[in-house]
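Structural overview
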Amino acid sequence: QVQLVESGGGLVQAGGSARLSCAASGSTFSRYVMGWFRQGPGKEREFVGAISWRVGRTYYADSVKGRFTISRDNTKNTMYLQMNILKPEDTAVYYCAADSRNSTWWGVENNYDYWGQGTQVTASS
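Presented here is a report on the structure given in the accompanying data block. What you see as residue numbers is a count from 1 along each chain, following the sequence as written. The predicted nature of this model means local features are confined to residues of pLDDT at least 70 and side-chain atom pairs, given and counted, to a pLDDT of 80 or more, with totals for whole chains, interfaces and linings taken over all residues. In computing side-chain properties, one takes all heavy atoms of the structure into account and sets aside hydrogens as well as water.

1. A short note on the environment of Pro-88
In this fold, Pro-88 is placed in the loop between strand E8 (78-83) and strand E9 (92-99). By relative accessible area, Pro-88 is classed as partly exposed at 36%. Once the C-alpha coordinates of Pro-88 and Thr-122 are considered, the two residues, 34 residues apart in sequence, prove to be 7.3 Å apart. The contact definition used throughout considers only heavy atoms, calling two residues in contact when any of these lie within 4.5 Å. Setting aside residues no more than four positions away along its own chain, Pro-88 makes contact with Ala-14, Ala-123 and Ser-125. Only DSSP runs of H or I covering at least 4 residues are called helices, and only runs of E covering at least 2 are called strands; the numbering of each starts at the N terminus. Remark: exposure states derive from per-residue accessible area (1.4 Å probe, protein chains only) relative to the maximum for the residue type, with buried under 20%, exposed over 50%, and partly exposed in between.

See below:
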């Protein structure tokens, strides 16, 4: 059974940085696409970015491009989300997700079949 566990959230000043981790277990992830999504207060869950586990190719939402970076450590089965220049509008619960079918459209929530429990990030102004 695939399990995803996020960590690293918390309270950060606007303009600051934070790094989230997503520890994955229960499968071989080399063919997976791994993604980050977020849900802000009163908002729908939205795509943040994703990475292909095997080759490390990344794709980001326009709202975070240039500020957020996704990486993975194959030896630890862990994905990271480095968030820089945080803005109050980045405040959200952040979820990691896994797409076992390596779907074409990385930004589509329904393509992900495994989800973590989420971790809160609050960027205060």
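Having put the structure on the table, let's press on.
2. Notes on the state of the cysteines
By convention in this document, the label disulfide applies to cysteine sulfur atom pairs within 2.5 Å. Counting across every chain of the model gives 1 disulfide. Note on cysteine connectivity: Cys-22 is disulfide-linked to Cys-96, with sulfurs 2.1 Å apart. With the S-S bond torsion at 60°, the cross-link from Cys-22 to Cys-96 turns out right-handed. In this pair, Cys-22 sits in strand E3 (residues 18-25) while Cys-96 sits in strand E9, placing the two residues 74 residues apart along the sequence. Residues Cys-22 and Cys-96 agree in their burial class; the two are buried.

3. Section: the sheet that holds E8
Strand pairing is assigned whenever DSSP detects at least two bridges linking the two strands. Taken in spatial order, the 4 strands line up as E1-E3-E8-E7 in an open sheet, and their pairing is antiparallel. Unpaired on one side and paired on the other, strand E1 (3-7) and strand E7 (68-73) mark the two borders of the sheet. Strand-to-strand, the axes of this sheet are offset by a mean angle of 15°, without reference to chain direction. Axis definition: a line fitted to C-alpha atoms, limited for helices to the stretch in contact. Angles are taken between N-to-C directions and run from 0 to 180 degrees.

4. A word on the side chain of Arg-38
Among the secondary structure elements, Arg-38 is positioned in strand E4 (residues 33-39). N or O atoms closer than or at 3.5 Å make up a polar contact, with two conditions inside protein: a donor-capable atom paired with an acceptor-capable one, and, for residues adjacent in sequence, both atoms drawn from side chains. Polar contacts involving the side chain of Arg-38 include one to the side chain of Asp-90, which spans 2.9 Å. Here Tyr-94 takes part through its side chain, which lies 2.9 Å from a polar atom of the side chain of Arg-38. Beyond its immediate chain neighbours, meaning those up to four positions away, Arg-38 contacts Glu-44, Arg-45, Glu-46, Val-48, Ser-63, Val-64, Phe-68, Glu-89, Asp-90, Ala-92, Val-93 and Tyr-94.

5. Points about the pairing of strand E11 (residues 119-124)
Only one face of E11 is covered, namely the face carrying Thr-119, Val-121 and Ala-123; the face carrying Gln-120, Thr-122 and Ser-124 is uncovered. Note that E9 and E11 share 3 bridges and pair antiparallel. Counterpart to Ala-92 in the pairing with E11 is Val-121.

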